[in-house]
Amino acid sequence: MHAGSRVLVTGGAGFIGSHLCRRLLDDGYDVICVDNFYSSSRDNVLPLLENPRFELLRHDVTFPLYVEVDQIYSLACPASPIHYQRDPVQTTKTSVHGSINMLGLARRTGARILLASTSEVYGDPQQHPQTEEYWGNVNPIGVRSCYDEGKRCAETLFFDYWRQHRTPIKIARIFNTYGPNMHPLDGRVVSSFIVQALTGQPITIFGSGQQSRSFAYVDDLVEGLIRLMNSSAHVTGPINLGNPNEFTIAELAEQVMAATGCEVPIDYRRLPSDDPVCRRPDITKAQELLDWSPHVSLAVGLPKTIDYFRDVLANRWPAGSEPPRFSQPL
Ligand code: NAD
Ligand code: UDP
């Protein structure tokens, strides 16, 4: 792949997609960003619209798409529980029909295609940390299943296109990622805690707060995705991409209060159904095959993210206005 090659990013207006589009443009690629704005808006890509090598298409990936491209990053799918549970049938369709359509496009054009899969394929894991060989512990009929099983089926489709049609595939299993351009009300833990602290609202901890997650900063993740896409043809994945630094949710709340300088009360709420107890990636494969490791610790990434949300809040919720309202996943 060389500068000037054309890259399609589905879900390109979302949190991770918008960073990926910007980075690909910086690297000299032509970028087609496809999004139906289900869980995002044009705001994340507004600064990119001035670039003549950037093209934005409003399109739902559950319908076929005809464009000519060299690489496809398949990111379209709502990622936060409140977004993916709002219309669960559409979530499954996005992963399954969307993957079939994008794999068909890859087959026709000969493009490489990368799936943004997820640590959710491990469900509530009984192996810790999680290696790619672990098959997971997923409830097939719960409220998270539309997302978890949708991504598991997408992985199956990717591997069957590779086995049956030799379509060049790459699968990244992404662990919790945070950073600027997250939607302030998407309900994910990092964005919620920051917005709550900055607006003087109680931090909502679901359950006891002793469940754990491992948080990767978005720049590290984007670097991993690009390395995986451009890795040797025999590297299909799945490959875990995430930061093995593991924190309890209660520890995260403490860190957010310290980094924002805002002490707010904790509001303990009911733990949503099937909420995994722990999450930590084993990243040996990414280190060995991609020479990739994350470099941005939570202590460095949180302040950058907080700066972003300070700006967003000042524009959307100026002092004196009603504070943003959060909902909770099922
Ligand atoms: P996001 O919700 O910000 O971005 C997803 C984008 O996909 C949005 O812009 C949304 O409008 C778009 N989209 C949804 N359905 C679509 C459809 N049918 N057609 C076209 N566009 C559609 O979420 P994100 O955090 O940027 O996640 C991006 C990808 O990475 C997702 O596939 C997600 O499953 C995966 N992922 C993210 C994380 C994370 O922690 N952020 C973790 C694991 C996996
Ligand atoms: N969480 C929380 N309060 C919130 C949002 C999330 O305690 O306001 C918890 C949630 O129950 C989960 C963890 O934080 O245990 C991570 O949630 P998120 O939705 O960010 O990601 P996921 O559960 O998909 O890893």
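In what follows, the structure referred to is the one given above.
Residues numbered from 1 in each chain as written. Chains lettered and ligands numbered in written order. Predicted model: local features only at pLDDT ≥ 70, side-chain atom pairs only at ≥ 80, totals over all residues. Heavy atoms only, no water.

## Looking at the pattern of salt bridges
Here the structure, examined in full by the defined rule, presents 15 salt bridges. Ionic pairing is found between E68 and R108, a salt bridge with its closest N-O pair at 3.1 Å. With a gap of 40 residues between them, E68 in the loop between strand 3 (54–58) and strand 4 (71–74) and R108 in helix 3 (residues 88–109) connect regions that are remote in the sequence. What makes R108 partly exposed here is its relative accessible area of 42%. For R279, the salt bridge is made with E120, and the minimal N-O distance between the two is 3.1 Å. Linking R279 in the loop between strand 13 (266–269) and helix 8 (284–290) with E120 in the loop between strand 5 (112–118) and helix 4 (145–165), this pair joins segments that are 159 residues apart in sequence. Considered together, R279 and E120 belong to a single accessibility category, that of buried residues. Each of E120, R144, R213, D275 and R279 takes part in salt bridges that share partners, so that together they form one network. (Salt bridge = Lys/Arg side-chain N within 4 Å of Asp/Glu carboxyl O. Helix = DSSP H or I, 4+ residues; strand = E, 2+ residues; numbered from the N terminus. Buried < 20%, exposed > 50% of the residue type's maximum accessible area, 1.4 Å probe, protein only.)

## Here we look at the site of ligand 1
D35, S39, S40, Y147 and K151 are the nearest of the 30 residues found near ligand 1. Between ligand 1 and the protein, one listed contact pairs an oxygen atom with a side-chain N or O atom of D35 at 2.5 Å. Separating a nitrogen atom of ligand 1 from a side-chain N or O atom of T94 is a distance of 3.1 Å. In isolation ligand 1 has 820 Å² of accessible area, and contact with the protein removes 97% of it. The leading source of residues in the shell around ligand 1 is strand 5, at 3 residues. Its residues assigned to classes, the shell around ligand 1 comprises 14 nonpolar, 12 polar and 4 charged. (Near = heavy atom within 4 Å. Polar contact = N/O pair within 3.5 Å; in protein donor to acceptor, adjacent residues only side chain to side chain. Areas by Shrake-Rupley, 256 points an atom, 1.4 Å probe, with all protein chains shown as cover. Nonpolar A, V, L, I, M, F, W, Y, C, P; charged D, E, K, R; others polar.)

## Topic: the pairing of strand 6 (residues 169–174)
Judged by how many residues are buried, strand 6 sits mostly within the fold: 6 of 6 residues are covered. Burial along strand 6 is two-sided: I169, I171 and R173 and K170, A172 and I174, pointing in opposite directions, are all buried. By the bridge criterion, 6 bridges tie strand 5 to strand 6 in an arrangement that is parallel. Across the sheet, the residue bridging to A116 is A172, located in strand 6. (Pairing = 2+ DSSP bridges.)

## Remarks on the site of ligand 2
With respect to spatial proximity, 18 residues lie near ligand 2, and among them V189, T204, F206, R213 and D275 are the closest. Here D275 contributes a side-chain N or O atom positioned 2.5 Å from an oxygen atom of ligand 2. Out of a free accessible area of 520 Å², ligand 2 has 94% covered by protein chains. Counting only elements with at least two residues in the shell around ligand 2, the list comes to helix 5 (189–198) and strand 8 (203–206).

## With respect to helix 1 (residues 15–26)
In an α-helix there are 3.6 residues to a turn, and that puts residues three or four apart on one side. Taking 1.5 Å of rise per residue, 12 residues should cover 16 Å, and helix 1 covers 17 Å from first to last C-alpha, within 8% of that figure. Counting buried positions over the 12 residues of helix 1 gives 9, a clear majority of the element. Here helix 1 has its buried residues at F15, I16, G17, S18, H19, L20, C21, L24 and L25. Lining the buried residues of helix 1 we find strand 1 (6–10), strand 2 (30–35), strand 3, strand 4, strand 7 (177–178) and helix 6 (218–229). Trailing helix 1 by a residue or two, G28 shows a phi angle of about 100°, which is positive. (Expected span 1.5 Å × (residues − 1). Contact = heavy atoms within 4.5 Å.)

## Here's the deal with the sheet that holds strand 4
Pairing is parallel in the open sheet, where 7 strands are placed in the order 3-2-1-4-5-6-11. The two strands at the open ends of the sheet, each matched to only one other strand, are strand 3 and strand 11 (239–241). Within the sheet, the average angular offset between the axes of one strand and its neighbour, ignoring direction, is 20°. When strand 1 meets strand 2, the two strands line up parallel, connected through 5 bridges. Paired with R6 across the two strands is D30, which belongs to strand 2. Packing of helix 6 onto the sheet brings it into contact with strand 4, strand 5, strand 6 and strand 11, and relative to strand 6 it is tilted by some 160°. (Axes fitted to C-alpha atoms, helices over the stretch in contact; angles between N-to-C directions.)

## Here's the deal with the packing of aromatic side chains
One pass over the structure, following the stated rule, counts 6 aromatic pairs. An angle of 80° between the planes, with centres 5.9 Å apart, marks the rings of F159 and W162 as edge-to-face. Taken together, the residues span about one helical turn, with F159 and W162 both in helix 4 at a distance of 3 residues. For F159, a relative accessible area of 17% puts it in the buried group. Centre to centre, the rings of Y178 and Y217 are 5.6 Å apart; their planes meet at 70°, and the pair counts as edge-to-face. Of the two residues, Y178 is situated in strand 7 and Y217 in strand 10 (residues 216–217); the sequence distance between them amounts to 39 residues. Across this residue pair, the class does not change: Y178 and Y217 are buried. Taken together, the ring pairs in this structure connect Y122, Y134 and F175 into an aromatic cluster. The lysine or arginine in question, R86, covers the ring of Y38, its NZ or CZ lying 4.6 Å from the ring centre. A cation over an aromatic ring shows up here: R166 above the ring of W162, its NZ or CZ 4.9 Å from the ring centre. (Phe/Tyr/Trp six-rings, centres within 6.5 Å; stacked < 30°, edge-to-face > 60°. Lys NZ or Arg CZ within 6 Å of the ring centre and 35° of its normal.)

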